[in-house]
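# Reading the structure
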Amino acid sequence: MKAYTASLINSVSLVVLGLWGYMASDTPSMTALIPVIIGAVLLACYPGIKKENKIIAHVAVVLTLVILLGLFMPLRGAIGRGDGAAIARVAVMLITTILALYYFIKSFIEARRAREAGE
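Structural notes, computed from the coordinates.

For E52, which is not glycine, the phi torsion reads 60° and is therefore positive. By secondary structure assignment, the location of E52 is in the loop between α2 (34-50) and α3 (54-70).

A separate point is the environment of V61. Mapping V61 onto the fold places it in helix α3. Note on V61: relative accessible area 15%, which makes it buried. Linking V61 and R81, residues 20 residues apart in sequence, is a C-alpha distance of 31 Å. Setting aside residues no more than four positions away along its own chain, V61 makes contact with L101, F104 and F108.

This structure, assessed with the given rule, holds three aromatic pairs. Judged by centre distance (6.1 Å) and plane angle (65°), the rings of Y4 and Y46 are edge-to-face. Taken together, the residues Y4 in helix α1 (residues 3-24) and Y46 in helix α2 connect sequence positions 42 residues apart. Among the residues examined, Y4 registers a relative accessible area of 24% and is labelled partly exposed. Considering the side-chain rings of Y102 and Y103, the 5.0 Å spacing of their centres and the 80° angle between planes classify their relative orientation as edge-to-face. Y103 gets classed as buried once you look at its relative accessible area, which sits at 17%. Across from the ring centre of W20, 5.0 Å away, lies the NZ or CZ of R89, which sits over that ring.

Before going further, it helps to spend a moment on the pattern of salt bridges. What the rule picks out here adds up to two salt bridges. Residue E116 pairs with R112 through a salt bridge whose shortest N-O separation is 3.7 Å. A residue pair is termed a helical-turn pair when its members lie 3 or 4 positions apart in one helix, as E116 and R112 do in helix α5 (residues 84-118) at four residues. Judged by relative accessible area, which is 48%, E116 ranks as partly exposed.

We now examine α5. Here α5 spans 51 Å end to end across 35 residues, near enough to the 51 Å set by a 1.5 Å rise per residue. Inspection of α5 places A86, R89, V90, M93, L94, T96, T97, A100, L101, Y103 and F104 among the buried residues, and these make up the whole buried set.

With 21 residues, the main nonpolar core has L14, L71, V90, M93, L94 and F104 as its most contacted residues. Of all the secondary structure elements, the ones that give two or more residues to this core are α1, α2, α3 and α5. With seven residues, α5 is the largest single contributor of residues to this core. In this view, L94 contacts L68, L71, F72 and L75; residues no more than four positions away in its chain are not counted.

Conventions we followed
- Residue indices follow the written sequence of each chain, beginning from 1 at its first position.
- Only residues with pLDDT of 70 or above have their local features reported here, since the model is predicted, and side-chain atom pairs are shown and tallied only from 80 upward, although totals for entire chains, interfaces and linings are computed over all residues.
- Note that the side-chain values use all heavy atoms of the structure and ignore hydrogens as well as water.
- Helix and strand definitions here come from DSSP, where helices need a minimum of 4 consecutive H or I residues and strands a minimum of 2 consecutive E residues; each element is numbered from the N-terminal end.
- Exposed residues in this analysis have more than 50% of their type's maximum accessible area, buried residues have under 20%, and partly exposed residues fall in between, with area computed by a 1.4 Å probe over protein chains only.
- Contact definition: two residues touch when any of their heavy atoms are within 4.5 Å.
- Here the aromatic set is Phe, Tyr and Trp, taking the six-membered ring for Trp, and pairing holds for ring centres within 6.5 Å; pairs whose planes are under 30 degrees apart are stacked, those over 60 apart are edge-to-face, and all others are tilted.
- In this scheme, the term charge over a ring applies when either NZ of a lysine or CZ of an arginine sits within 6 Å of the ring centre and within 35 degrees of the ring normal.
- Between Lys or Arg on one side and Asp or Glu on the other, a salt bridge is scored when a side-chain nitrogen of the former is within 4 Å of a carboxyl oxygen of the latter.
- Every helix has an expected span of 1.5 Å times one less than the residues it contains.
- What we call a nonpolar core is a set of buried Ala, Val, Leu, Ile, Met, Phe, Trp, Tyr and Cys residues that are connected through their side-chain atoms within 4.5 Å.

Here you go:
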């Protein structure tokens, strides 16, 4: 899988599952929209990532890492409440985020190897 495809899947899951979580909550909080906002920004970065723009790709990696770290608190809260649907939503967002981060790092390593081979 290419990094841009993994990022697209991750951004769509952040937006869709984040909105679902916000709408499903009895007491929705604006902080529940953070994954939605980051997902939307990642979605906006998609064309640049696909064109292998280094700056946009690095911005996307930083945002992906931020959301990865940020999703642990909602997971902990969902587990504490025993909310199975919330646990599933956050777990899917975490999995897609980890996969996107993996493919970003893999593509950076491949690009570096290709650059060094060309020197």
